[in-house]
Amino acid sequence: MSYTKAEENYLKAIYSIGVKTGDIVSTNDLAQRLETKASSITDMIKKLSAKDLISYEKYKGVSLTSTGKKIAVSIIRNHRLWEVFLVERLNFKWDEVHEIAEQLEHIKSDKLIDNLDDFLDNPKFDPHGDPIPSKDGIMPKREESAIVNELSLGDEGMIVGVKNSKKEFLQYLEEIQLNLGKKIEVLKIFSFDNSVLIKSGEREITLSDQVSKNIIVKRS
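If you're wondering where the values come from, they're calculated on a predicted model, not measured in any experiment.

**Examining the packing of aromatic side chains**
For any two aromatic rings, the description comes down to two numbers: the centre-to-centre distance and the angle of the planes.
Then, number 1: Tallied over the entire structure, the rule returns two aromatic pairs.
Then, number 2: Relative to F85, the ring of W82 lies with its centre 5.8 Å away and its plane at 80°, an arrangement referred to as edge-to-face. Of this pair, W82 and F85 both sit in helix 4 (residues 66–88), three residues apart, which is roughly one turn of that helix.
Then, number 3: Residue classification places W82 among the buried residues on the basis of a relative accessible area of 9%.

**Notes on the packing of helix 4 against helix 6 (residues 110–119)**
Then, number 1: It is the contact of helix 4 with helix 6, at a shortest axis distance of 10 Å, that shows an interaxial angle of 45°. For the element pair helix 4 / helix 6, the angle class is oblique. The chirality of how helix 4 crosses helix 6 is left-handed. Side by side, helix 4 and helix 6 meet where R77, N78, L81, W82 and F85 of the first sit next to L112, I113, D114, L116, D117 and F119 of the second.
Then, number 2: For the contact of helix 4 with helix 6, the class distribution of residues is seven nonpolar, one polar and three charged.

**Details of the sheet that holds strand 8 (residues 215–219)**
Then, number 1: Sheet architecture is open: six strands sit in the order 3-8-4-5-6-7, paired in antiparallel fashion. Both edges of this open sheet fall to strand 3 (146–147) and strand 7 (203–207), since each of them pairs with a single strand only.
Then, number 2: Pairing of strand 4 (residues 156–162) with strand 5 (residues 183–189) involves three bridges; the strand directions are antiparallel. Its bridge partner being in strand 5, E156 is matched across the sheet by E185.

**A look at the pairing of strand 5**
Then, number 1: As judged from the four bridges shared by strand 5 and strand 6 (residues 196–200), these two strands associate in the antiparallel manner. Bridge assignment links K188 to a residue of strand 6, and that residue is L197.
Then, number 2: Two successive antiparallel strands, strand 5 and strand 6, enclose a turn made up of six residues, where N194 displays a positive phi of approximately 65°.

Definitions and limits used
Residues numbered from 1 in each chain as written. Predicted model: local features only at pLDDT ≥ 70, side-chain atom pairs only at ≥ 80, totals over all residues. Heavy atoms only, no water. Phe/Tyr/Trp six-rings, centres within 6.5 Å; stacked < 30°, edge-to-face > 60°. Helix = DSSP H or I, 4+ residues; strand = E, 2+ residues; numbered from the N terminus. Buried < 20%, exposed > 50% of the residue type's maximum accessible area, 1.4 Å probe, protein only. Axes fitted to C-alpha atoms, helices over the stretch in contact; angles between N-to-C directions. Parallel < 35°, antiparallel > 145°, perpendicular 65-115°, else oblique. Left-handed = near helix turned anticlockwise from the far one by under 90°. Contact = heavy atoms within 4.5 Å. Nonpolar A, V, L, I, M, F, W, Y, C, P; charged D, E, K, R; others polar. Pairing = 2+ DSSP bridges.

That is the geometry; function is a separate question.
Structure follows, in structure tokens:
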């Protein structure tokens with residue numbers, strides 16, 4: 001059975017929200033994520049339910065069936081592999097690839113995606129540090145990590161991901177030269193506003209609480 005781009009986007013959104021909130025996703029959260037009206041959500045829920053891709057519980061929300069989850073994970077895999085390709089092979093910046101990958105993720109060719117995966121040497125994480133599902137839908141687990149504002153004075157680590165992948169945030173990190181793979185050390189923590197003074201290379205940078213809670217590091 002084939003599915004429309006809109007249907008796939010709904011399944012991907014339900015999966016992404018459900019990872020953070022649990023299996024059941026409220027229609028309000030879904031409408032907010034997709035920036036659409038409640039009436040549109042209701043219409044799509046009926047379509048997805050009829051195709052046995054989701055289960056709907058009145059006053060609770062929706063959850064993916066096994067088929068729906070398989071499709072969602074496949075779309076996420078496609079998306080993140082294309083992001084790796086765009087950054088590593090076509091020299092796009094990490095803040096430029098999301099919109100393009102949103103279009104490429106819907107290409108219907110398992111052979112193309114499998115070959116792309118092999119061509120890229122089977123990456124485990126995308127340019128933002130998000131895990132790339134395997135062909136069998138298994139999400140790779142990252143070694144123990146923390147966000148910057150969980151670190152203590154003197155802690156060291158390497159940036160391995162971001163919790164906020166919005167274009168503006170990625171551009172900001174680009175401007176202050178904090179990309180994946182950068183090593184940092186916590187020099188001072190300001191209790192007044194929870195900002196953090198870090199050292200990266202020879203530079204010292206003060207990160208606001210908003211920034212530090214969205215940068216994921218692997219402790220050294």
